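# Residue-level structural notes
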Amino acid sequence: MSRGGPLRGRRVLITAGPTREHLDPVRFLSNPSSGRMGYALAEEAAARGARVMLVSGPTALEDPAGVEIERVTSAAEMLAACRRRFTACDVLVAVAAVADFRPVRRYGEKQRKESIGLTLELEPTTDIVATLAAEKGDRFVVGFAAETTDLLDSAAAKMERKRLDLIVANDVSDPAVGFASADNRVVILGPDGFRVELGPAPKRSIAGGIWDAIASRL
Ligand code: C5P
């Protein structure tokens, strides 16, 4: 698909990477997401002529070419950045591996290990894609589901619960694909029995297949 294709001029918002939920300035809860899948989707959308806004958690990746990027740390910052941009977008693709919990208390100074104790009180973070999808109007919202068991059933349930237009299911029990690896293998599900399997293939090629699927449904 070229620059003249269905993504041309569309405003696309993508979340990528992990979030970090700090306990103090040097300790946090996070996960091994590299950001590669989200960045590949951003680059591929830009190459197809979309106007791309990328809201990224901490990653070691360079800013993708031709993409507006805002770097954030926590789930709360990611939600705030996405809220500011959501009304001006046509498509949201939520790839970020947002931390599900954060410490109830965040200290401004590094704590001595003796003073923290061995029990950490946690609270849930806000579900970014579900929050935005609840107010989506005619925007198209895509989520990801990384699972190690019951991949397709869990993904389908998640799509319905979060009011998504498509969900990209990703089996992260296989270390050769998913999360921090260069390759991926996914199944894309839609509400009406729509189903596309992609890979195993490099994440940029998977990104192309995901945009083909999205474009076919816009
Ligand atoms: O519920 P689960 O974390 O498996 O859902 C994954 C999907 O939801 C992904 O699209 C992810 O980006 C999104 N998500 C989110 N905010 C959260 C948790 C997940 O946007 N707090």
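What you see is a predicted model; the values in this text were computed from it and never measured. Counting restarts for each chain, with residues numbered from 1 along the sequence as it is written. Per-residue local features are limited, in this predicted model, to residues with pLDDT of at least 70; the limit for side-chain atom pairs, both in listing and counting, is 80 or more; totals at the level of whole chains, interfaces and linings are taken over all residues. Neither water nor hydrogens contribute to the side-chain values; these are computed over all heavy atoms in the structure.

### A short note on the overall build of the chain
Definition in use: Under the DSSP-based scheme used, a helix requires at least four consecutive residues in state H or I and a strand at least two consecutive residues in state E, with every element numbered from the N terminus. For the radius of gyration, the atom set is restricted to C-alpha positions; the globular benchmark scales as 2.2 Å times the number of residues to the power 0.38. The classification of residues rests on relative accessible area computed with a 1.4 Å probe and restricted to protein chains. Under 20% of the type maximum is buried, over 50% is exposed, and intermediate values are partly exposed. Note on contacts: a residue pair qualifies if any of its non-hydrogen atoms lie within 4.5 Å across the two residues. The protein chains shown are the only cover counted for residues, whose accessible areas, like all others here, come from Shrake-Rupley with a 1.4 Å probe. Charge counting follows a simple rule: Lys and Arg are positive, Asp and Glu are negative, and His as well as the terminal groups are ignored. Each charge is placed at NZ for Lys, CZ for Arg, CG for Asp and CD for Glu.
When helices and strands are counted, the chain shows six helices and 12 strands. The globule rule puts the C-alpha radius of gyration for 218 residues at 17 Å, and the 17 Å found for the chain is close to it. Within the span of the chain, comprising 218 residues, buried residues form 50% of the whole. Contacts in the chain between residues far apart in sequence, at least 24 positions, make up 62% of those at least 6 positions apart. Total accessible area on the chain stands at roughly 10,700 Å², and carbon and sulfur atoms take up 48% of it. Of the charged side chains in the chain, 30 are positive and 29 negative, and the gap between their average positions amounts to 4 Å.

### Re the pairing of strand β9 (residues 140-147)
Note on strand geometry: in a regular strand, side chains alternate between the two faces of the sheet. Cut-off, in case you're wondering: A pair of strands is considered paired only if DSSP assigns at least 2 bridges between the two. Classification remark: right-handed applies to a crossover when, strands pointing away from the viewer, the course from the first strand over the helix to the second runs clockwise.
By the criterion of burial, β9 is predominantly enclosed, with seven of the eight residues buried. The pairing of strand β6 (residues 91-94) with β9 spans four bridges and is parallel. Directly across from alanine 94, in β9, lies its bridge partner glycine 143. Here β9 pairs with strand β10 (residues 166-171) via six bridges, running parallel. Each residue of the ladder has a partner; that of valine 142, found in β10, is leucine 166. On the question of chirality, the crossover connecting β9 to the parallel β10 by way of helix α5 (residues 151-161) is right-handed.

### So, the site of the ligand
Stated precisely, the cut-off is as follows: A cutoff of 4 Å decides nearness: a residue is near a molecule or strand if any of its heavy atoms lies inside that distance of it. Here a polar contact means two N or O atoms within 3.5 Å. Within protein one must be a hydrogen donor candidate and the other an acceptor candidate, and residues neighboring in sequence count only if both atoms are side-chain atoms. Under this grouping Gly is polar, as are all residues other than the nonpolar Ala, Val, Leu, Ile, Met, Phe, Trp, Tyr, Cys and Pro and the charged Asp, Glu, Lys and Arg.
For the ligand, the set of nearby residues contains 13 residues, the closest of which are Ala94, Ala96, Phe144, Lys158 and Lys162. Isoleucine 128 places a polar main-chain atom, nitrogen or oxygen, 2.9 Å from a nitrogen atom of the ligand. Here an oxygen atom of the ligand and a side-chain polar atom of lysine 162 are 2.8 Å apart. Contributing elements (two or more residues each) for the shell around the ligand: α4 (128-133) and β9. Tallied by class, the residues present in the shell around the ligand amount to seven nonpolar, three polar and three charged.

### Here's the deal with α5
Going by this rule: Of all possible arcs, the one meant is that of the directions from the helix axis to the C-beta atoms.
Of the positions making up α5, those classed as buried are Leu151, Ala155, Lys158 and Met159. Along α5, the residues classed as buried sweep out an arc of 100° about the axis, all on the same side. Along α5, exposed side chains directed more than 90 degrees from the buried face belong to Asp153, Glu160 and Arg161. Structurally, α5 contributes buried residues whose contacts are with β9, β10 and β11 (183-189). Just downstream of α5, arginine 163 is the residue with a positive phi angle, here 55°.

### So, the side chain of serine 56
As for its placement among the helices and strands, serine 56 is situated in strand β4 (residues 51-56). Taking relative accessible area as the criterion, serine 56 reaches 0% and is therefore assigned buried. Excluding residues within four positions of it along the chain, serine 56 makes contact with Ala16, Tyr39, Ile69, Glu70, Arg71, Val72 and Met78.

### Thoughts on the nonpolar core
Rules: In these notes, a set of buried Ala, Val, Leu, Ile, Met, Phe, Trp, Tyr and Cys residues joined through side-chain atoms within 4.5 Å is what counts as a nonpolar core.
One finds Ile14, Leu41, Val93, Ile188, Ile210, Trp211 and Ile214 to be the most contacted residues of the largest nonpolar core, which totals 34 residues. Ranked by residue count, the leading element in this core is helix α1 (residues 36-47), at seven residues. Those residues in contact with leucine 41 that lie beyond four places of it in its chain are Ile14, Val93, Val95, Phe144, Ala207, Ile210 and Trp211. In terms of nonpolar packing, the next biggest core, distinct from the first, is built from 27 residues, Leu13, Cys82, Ala96 and Ala133 among them.

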